[in-house]
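Descriptive structure summary
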Amino acid sequence: MRRHPRGHAPRYRGPFGATLVRDGEVICAVGNTVVKDTDPTGHAEVVAIRVGCRILKTLDLSGCVTYAPCEPCPMCVGAMMLVGIRTCYSASTDDDAAEHGFPVTHLRAHLDGSDTSPFDMIHVTEGRSDCDEIWTEFEKLNA
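Residues numbered from 1 in each chain as written. Predicted model: local features only at pLDDT ≥ 70, side-chain atom pairs only at ≥ 80, totals over all residues. Heavy atoms only, no water.

As for the overall build of the protein chain
Secondary structure assignment for the protein chain yields six helices and four strands. Shown N-terminal to C-terminal, the secondary structure of the protein chain runs as helices and strands in the order β-β-α-α-β-α-β-α-α-α. Its C-alpha radius of gyration of 18 Å places the protein chain more than 25% over the 15 Å reference for a compact globule of 143 residues. Principal-axis analysis of the C-alpha atoms places the extent of the protein chain at approximately 50 × 45 × 30 Å. Here the protein chain, with 143 residues, has 29% of them falling under the buried criterion. For the protein chain, long-range pairs separated by at least 24 residues make up 46% of all intrachain contacts whose partners lie at least 6 apart in sequence. (Helix = DSSP H or I, 4+ residues; strand = E, 2+ residues; numbered from the N terminus. Rg over C-alpha atoms; globule rule 2.2 N^0.38 Å. Buried < 20%, exposed > 50% of the residue type's maximum accessible area, 1.4 Å probe, protein only. Contact = heavy atoms within 4.5 Å.)

Below, the structure is given as structure tokens:
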């Protein structure tokens, strides 16, 4: 992994894009916006989801397929699954990306259990009545 001289993570930029297609029609073709927007979630696949949802005026992209030059990271896979995208075609692998300074293998290792370093997910059980009320209020507003 290339490191910034002061130890900061690398500034993500590179050959990342994504094309969203439904029924053979291109819905959008985008690039990542990580550096432009100072947004580490601005991966091209996520940007394609954001743009595609706006264009199609829906939160459900079932039936859409994503094309990307590189295997999507776990965040992007999760986002695609969340909106109903079930297929993503890619040419390069995580290993290819890591070789060129864009590693995400640590994320996959955490998710598959081979990296056991801590990432604490703490469920708060006391003093959360306000959070419970949010669900009730949401249901009322959307009834």
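That covers the picture; the talk isn't over yet.
Quick notes on the packing of aromatic side chains
One pass over the structure, following the stated rule, counts two aromatic pairs. Geometrically, the ring pair formed by Phe16 and Phe102 is edge-to-face, given 4.9 Å between the ring centres and 85 degrees between the ring planes. Within this pair, whereas Phe16 is found in the segment before strand E1 (17-22), its partner Phe102 is found in the loop between helix H4 (94-99) and helix H5 (105-112), the two being separated by 86 residues in sequence. (Phe/Tyr/Trp six-rings, centres within 6.5 Å; stacked < 30°, edge-to-face > 60°.)

Thoughts on the nonpolar core
Membership of the largest hydrophobic core comes to 21 residues, with the highest contact counts inside it found for Leu20, Cys28, Val30, Ile49, Leu61 and Ile85. Mapped by element, the contributors of at least two residues to this core are E1, strand E2 (25-31), helix H2 (44-56) and helix H3 (74-83). The greatest single-element share of this core, amounting to seven residues, is contributed by H2. If we skip the residues at most four places from it in the chain, Cys28 touches Ala18, Thr19, Leu20, Ala48, Val51, Gly52 and Ile55. (Core = buried A, V, L, I, M, F, W, Y, C linked by side-chain atoms within 4.5 Å.)

Side note on the sheet that holds E1
Here we have four strands laid out as an open sheet, ordered E2-E1-E3-E4, and mixed in their pairing. One side of each edge strand has no neighbouring strand; the edge strands of this open sheet are E2 and strand E4 (87-92). Taken over all neighbouring pairs, the strand axes of this sheet differ in orientation by 15 degrees on average, direction set aside. Relative to strand E3 (residues 64-70), E1 runs antiparallel, the two sharing four bridges. (Pairing = 2+ DSSP bridges. Axes fitted to C-alpha atoms, helices over the stretch in contact; angles between N-to-C directions.)

A word on unusual backbone geometry
Even without being a glycine, Thr38 presents a positive backbone phi close to 50 degrees. Residue Lys57 is not a glycine yet carries a positive backbone phi of 55 degrees. The topology assignment puts Lys57 in the loop between H2 and E3.

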